Amino acid sequence: MSKSDFGLIGLAVMGQNLVLNVESRGYSVSVFNRTTSVTDEFVAAHSDKKIQGFASLADFVASIERPRKIMMLVKSKAGADPSERDAVDAVIESLVPLLEPGDLVIDGGNTYFIHTERRAKELEAKGFLYIGTGVSGGEEGARKGPSIMPGGSEQAWKMIQPIFEAISAKVNGDPCVTHIGKGGAGNYVKMVHNGIEYGDMQLICEAYQIFKTAGITTDEMAQIFDQWNQGELESYLIQITSKIFTIKDEITGQPLVEQILDRAGQKGTGRWTVQSAAENAVVISTINAAVEARILSSMRDQRLVAAPQFSGPEPKIDLPKDVLVQKVHDALYASKIISYAQGLDLIKKVGEAHGWDLKLGSIARIWRGGCIIRARFLNRITEAYERNSDLVNLMLDPFFKDILNKNQESWREIVSLGVLNGIPMPAFSASLGYYDSYRSARLPANLLQAQRDFFGAHTYERLDRPEGEFFHTEWPEVIG
Ligand code: NBP
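All of the points below concern the structure found in this document. For clarity, every value in this text was computed on a predicted model and none was experimentally measured.

### Observations concerning the layout of surface pockets
And then number 1: Here the second largest pocket is characterised by a volume of approximately 1,400 Å³.
And then number 2: Forming the boundary of the second largest pocket are 44 residues, of which Val74, Lys75, Ser76, Asn110 and Lys267 lie nearest the centre.
And then number 3: Listed by contribution, the elements that provide at least two residues to the lining of the second largest pocket are helix H1 (13-24), helix H4 (87-95), strand E6 (129-136), helix H6 (138-144), helix H8 (185-213) and helix H11 (269-279).
And then number 4: Here the element with the most residues in the lining of the second largest pocket is H8; it accounts for five residues.
And then number 5: Split by residue class, the lining of the second largest pocket holds 16 nonpolar, 18 polar and ten charged.

### Here we look at the environment of asparagine 379
And then number 1: Assignment of secondary structure puts asparagine 379 in helix H16 (residues 377-387).
And then number 2: Asparagine 379 gets classed as partly exposed once you look at its relative accessible area, which sits at 29%.
And then number 3: For the pair formed by asparagine 379 and glycine 361, sequence separation is 18 residues and the distance between their alpha carbons is 9.3 Å.

### A look at the side chain of serine 276
And then number 1: Of note, serine 276 is situated in helix H11.
And then number 2: Here tyrosine 188 takes part through its side chain, which lies 2.6 Å from a polar atom of the side chain of serine 276.

### Regarding the site of the ligand
And then number 1: Near the ligand you find 19 residues, and of these Met14, Asn33, Arg34, Thr35 and Ser76 are the closest.
And then number 2: A distance of 2.5 Å separates an oxygen atom of the ligand from a polar side-chain atom of threonine 35.
And then number 3: Notes on the ligand: free accessible area 910 Å², of which the protein chains cover 77%.
And then number 4: In this structure the site holding the ligand corresponds to the second largest pocket.
And then number 5: Among the elements of the structure, H1 and H4 are those that each provide at least two residues to the shell around the ligand.
And then number 6: Grouping the amino acids of the shell around the ligand by side-chain chemistry returns nine nonpolar, seven polar and three charged.

### Some details on a nonpolar patch on the surface
And then number 1: Together, Ile247, Leu256 and Ile260 make up a nonpolar patch on the protein surface, roughly 250 Å² of accessible area in all.
And then number 2: Summarising the element assignment, leucine 256 is placed in the loop between helix H10 (236-246) and H11.
And then number 3: Judged by relative accessible area, which is 32%, leucine 256 ranks as partly exposed.

### Considering the sheet that holds strand E4 (residues 69-72)
And then number 1: Reading across the sheet, the seven strands line up as E3-E2-E1-E4-E5-E6-E7 and stay open at both edges, with mixed pairing between neighbours. Every interior strand has two partners, whereas the edge strands, strand E3 (51-54) and strand E7 (147-150), have only one. Taking each pair of neighbouring strands and ignoring which way they run, the sheet shows an average axis angle of 25 degrees.
And then number 2: As paired strands, strand E5 (residues 104-107) and E6 are joined by four bridges and run parallel to one another. Paired with valine 105 across the bridge in E6 is tyrosine 130.
And then number 3: Each of strand E2 (29-32) and E3 is contacted by helix H2 (residues 36-45), which is oriented at about 160 degrees to E3, the strand it contacts most.

### Description of helix H14 (residues 321-354)
And then number 1: Relative to the 50 Å expected for 34 residues at 1.5 Å per residue, H14 spans 49 Å between its end C-alpha atoms, a close match to the ideal helical length.
And then number 2: Within H14, 25 of the 34 residues are buried, which leaves it mostly tucked inside the rest of the structure.
And then number 3: Immediately downstream of H14, the backbone of glycine 355 shows phi near 65 degrees, a positive value.

### Some words on empty space enclosed by the protein
And then number 1: In this structure the tally under the stated criterion is two cavities of 30 Å³ or more.
And then number 2: In this structure, the largest cavity spans a volume of roughly 70 Å³.
And then number 3: Taken together, Asp200, Ile204, Leu233, Ser235, Leu237, Ile238, Leu332, Lys336, Ile372, Ile373 and Arg374 make up the full set of residues lining the largest cavity.
And then number 4: Looking at the lining of the largest cavity, the elements that each hand over two or more residues are H8, H10 and H14.
And then number 5: Its residues assigned to classes, the lining of the largest cavity shows seven nonpolar, one polar and three charged.
And then number 6: Empty space within the second largest cavity amounts to approximately 30 Å³.
And then number 7: Ala341, Asp345, Lys348, Leu360, Tyr385, Leu391, Val392, Asn393 and Leu394 are the residues that line the second largest cavity.
And then number 8: Among the elements that make up the lining of the second largest cavity, the one with the highest residue count is H14 (three residues).
And then number 9: Of the residues in the lining of the second largest cavity, the class split is six nonpolar, one polar and two charged.

What counts and what doesn't
Residues numbered from 1 in each chain as written. Predicted model: local features only at pLDDT ≥ 70, side-chain atom pairs only at ≥ 80, totals over all residues. Heavy atoms only, no water. 1 Å grid on protein atoms, 1.4 Å probe; cavity = no way out; pocket = protein on both sides within 12 Å on 5 of 7 lines; lining within 4 Å. Points joined across faces, edges and corners; volume = space filled by probe spheres on them. Helix = DSSP H or I, 4+ residues; strand = E, 2+ residues; numbered from the N terminus. Nonpolar A, V, L, I, M, F, W, Y, C, P; charged D, E, K, R; others polar. Buried < 20%, exposed > 50% of the residue type's maximum accessible area, 1.4 Å probe, protein only. Polar contact = N/O pair within 3.5 Å; in protein donor to acceptor, adjacent residues only side chain to side chain. Near = heavy atom within 4 Å. Areas by Shrake-Rupley, 256 points an atom, 1.4 Å probe, with all protein chains shown as cover. Sits in = over half its atoms within 2 Å of the grid points. Patch = residues over 30% accessible without salt bridge, like charges linked within 9 Å, V, L, I, M, F, W, Y side chains within 5 Å. Salt bridge = Lys/Arg side-chain N within 4 Å of Asp/Glu carboxyl O. Pairing = 2+ DSSP bridges. Axes fitted to C-alpha atoms, helices over the stretch in contact; angles between N-to-C directions. Contact = heavy atoms within 4.5 Å. Expected span 1.5 Å × (residues − 1).

Written out as structure tokens, the structure reads:
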């Protein structure tokens, strides 16, 4: 049998769909899965395709054309602790003795970037090439065209570029893949992409909660979100939300969404994003609020105990429906800008610290299709970085500045309305808090510095003296 163009290890949902995608672009594929029955069933179900399955890893490796291109899509669990090891390490360990110099190994899982950098170093020292790549779009993306975010060396990228460009989503013919940068840059950018996804989802959930409190039905919400999907908010997540609202539960006949337990799951990429932001002193308060909202939702047992014990206002929203819908739209749009501004700021700062030489405009460009956060909005972000590749913060781009200035009044009204009605709106309010802090020429940190100097002699700088000159005051003694 002739040698395959590509090899894939890990035939769970992502792996199977990616193999079908690669094969559909004219490439032959060898596949391997730890549990052999999965391989057998998959190959049997696609016996008409150029897919060969193997029970032995050695036979699998031998079946691939050299220099080999082997992608792993196995469960990645290792997080911010550098000593952690997971299935990706196990696969690499068994793969290495079978490889030959010049072979390329690709990890397409959601891997924390430090592990990609470690693995790349180890494999490159042995004469192999290594890429850690983000693959976004879930099952459907993997099958029809994901957004792909590969890191690694230029040489490794060149080797896989034709296949990745062929299988990626396309927007106006542009493939949604680019070489993000060396080392773990691809995994890092994918991780922040997921953090932004958390922010987008939470903001949508908060809009839903306001509408629900205002007595707007799910059928009406389906229409509202469908309409929003025709305008500036057009995005995959808005679109699927409008579809979710149309689905009725087969058992009760009620909207299915209302029968679903309000306890959110998470796999780790949002939490890793927050950890990395804290380590690098970058504010991502919207994403942080979204991660924390999921954690609070998971504390359902405590919430059920607390609910009858604490008082809050009797909700009363009496704005006309069309006015409310427009204001929530504006608040959501403004909050979304803040969330992306924060996520891109994190990518920029960490990219600079690692020397990844990231192009934020190109990153926004490959997020326009295939991935979960795909949106019309991403075109605007790409344009912003085309106007100014050194943009300090997305908020400062004239297009986004204008929207924030125009929408800030509605945004405040909606956050106030949430506060007055006892509706938790952590992501809307965190975004507005960031906006107000960012635009403040003077924050109350002067008092904070005085407090620090009072109890710890940490010193302070003065407005009327050059920066870098430090002062200490002998504050009065406090007894007790
Ligand atoms: P899972 O993350 O559920 O992983 C299952 C696969 O890993 C199976 O093929 C399993 O083999 C294999 N595996 C495990 Br578990 N331990 C192994 C080991 N020690 N050695 C070899 N193989 C092992 O699959 P997935 O949902 O398809 O995701 C794959 C990767 O893509 C993950 O990193 C995930 O975070 C990422 N991702 C997923 C999505 C999504 O929508 N699901 C989207 C984007 C990225 P077995 O059959 O023998 O158990």
